[in-house]
Every structure is written in C-alpha cells, then in structure tokens.
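Working through the structure, step by step
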Amino acid sequence: MPADYSGTWDIVTNVNFEGYMVAIGIDFATRKIAGMLKPQKVIEQDGDSFIIKTLTTFRNYTFSFRTGEELDEVTKGLDNRKCKVVKSAVTNAVTLPCPQTVVNWDNNKLVCVQRGEKKNRGWTHWLEGNELHLEMHCEDQVCKQVYKKSA
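Calculation notes
Residues numbered from 1 in each chain as written. Predicted model: local features only at pLDDT ≥ 70, side-chain atom pairs only at ≥ 80, totals over all residues. Heavy atoms only, no water. Helix = DSSP H or I, 4+ residues; strand = E, 2+ residues; numbered from the N terminus. pLDDT = per-residue confidence, 0-100. Contact = heavy atoms within 4.5 Å. Buried < 20%, exposed > 50% of the residue type's maximum accessible area, 1.4 Å probe, protein only. Arc of directions from axis to C-beta. Core = buried A, V, L, I, M, F, W, Y, C linked by side-chain atoms within 4.5 Å. Salt bridge = Lys/Arg side-chain N within 4 Å of Asp/Glu carboxyl O.

**Concerning unusual backbone geometry**
One non-glycine residue, N16, lies in positive phi territory at about 65°. The residue N16 is located in the loop between β1 (7-15) and α1 (17-24) in this model. Despite not being glycine, N120 shows a phi value in the positive range, around 55°. Within the fold, N120 resides in the loop between β9 (109-115) and β10 (122-128).

**Considering the confidence of the model for the chain**
Taken residue by residue, the chain gives an average pLDDT of 85. The fraction at 70 or more is 81%. Long-range and interchain partners of residues 82-97, a stretch whose pLDDT sits below 50, account for 24 contacts in this model, where long-range means more than four residues apart.

**Some thoughts on the environment of Y61**
By secondary structure assignment, the location of Y61 is in strand β4 (residues 61-66). Judged by its relative accessible area of 12%, Y61 falls in the buried class. Distance from Y61 to K41, taken between C-alpha atoms, is 9.6 Å for residues 20 residues apart in sequence.

**Regarding helix α2 (residues 28-36)**
Along an α-helix, residues three or four apart share an orientation, since each turn contains 3.6 residues. Taken as a whole, α2 has its buried residues at T30, R31 and A34. Buried residues of α2, seen end-on, are gathered within an arc of 100° and therefore sit on one face of the element. More than 90 degrees from the buried face of α2, the exposed residues found are F28 and M36. The secondary structure elements touched by the buried residues of α2 are α1.

**Section: the nonpolar core**
In terms of nonpolar packing, the biggest core is built from 28 residues, with Y5, I43, F63, F65, V103, L110 and W123 touching the most fellow members. Secondary-structure elements contributing two or more residues to this core are β1, α1, β3 (49-55), β4, β9, β10, β11 (131-138) and β12 (141-149). Non-local contacts of I43, meaning those with residues more than four positions away in its chain, are made with Y5, S6, G7, W9, F50, I51, I52 and L132.

**Describing the pattern of salt bridges**
According to the stated counting rule, one finds 6 salt bridges in the structure shown. A salt bridge links E44 to K53; the shortest N-O distance between them is 3.3 Å. Judged by its relative accessible area of 37%, E44 falls in the partly exposed class. Of the charged contacts in the structure, one is a salt bridge between K148 and E131, with a shortest N-O distance of 3.8 Å. A residue pair is termed long-range when its members are at least 10 positions apart, and K148 in strand β12 and E131 in strand β11 qualify at 17 residues. On the basis of relative accessibility, which here comes to 36%, the residue K148 falls in the partly exposed class. Residues joined by salt bridges that share partners form a network here, namely E18, R31 and K32.

Given below as structure tokens:
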C-alpha cells in the first residue's frame, strides 16, 4: 500500500525557489511576488488518484493525476504552458507540441517527469514523519521545500 499524502500542509522552508523560477521562465515581477508567499498544499488522495492544490494569496494551482498515466498538463498561474496532444487526421500520428507529464511511485515517493522544452524538469514528493518534502528541478536548478502537516 502506498503512503497516504492526504492532508493540509503549510510551508516551513523554501530553498532556491528564485533559481528554480528563473530556470522555468517565470518573469521578474511574478518571481518577486511568489518569493514572498507562504504556500499551503491541500492533498486529496484516493489510492493512486491525486488532487494537489497549492494555495497562496496571489494564485492557486490545482493538479489532478493518476499515477502511471501520462497526461496533458496546463500550468495556468505558473509558467502558463498549455499542453495538448494533437492527433493528425491525415497520418493518424500523434504530435506533442508541448511537454507531457507523468507521475509514478518510486517506493513511497511520488516522482513527476515533465518532458518538453526544458531539460531535467519535474519534482519528487515524499513524507518524513509529519513533514512533506518537495524537490522541484529544472535544468541545473533544484528547489527544496518542506511542509508541516496542519490538518
């Protein structure tokens, strides 16, 4: 049985968020605002199905997925990538004009891979006691966040 990530989590530490935001292409003004925020994560888990809400006073982001299933991801409110699978009516070929996302279990860790315009992009979530760890990476930048369970 995989780990249970369900709950409300408040950020405690946020290391190299600025470097990570530069790497994913967030504009200067948004980076300055985002750097001052204290995000809260609300995670709803039903087996391998997840809804992860990242809530702030500036913007909210909801990411829904089922582990092991590739999905189109729209990152509205973050770096605003709009991802869609396009199927050609002529050749029946599928082209991917933007990144594709897949989240898998690695033991009790959730590992997300985002393929596309940026190299080495994705994140890993894991639990240690009443702490939720999140490591986000893009190109050569790594941001490490720790959240404490509040509910």
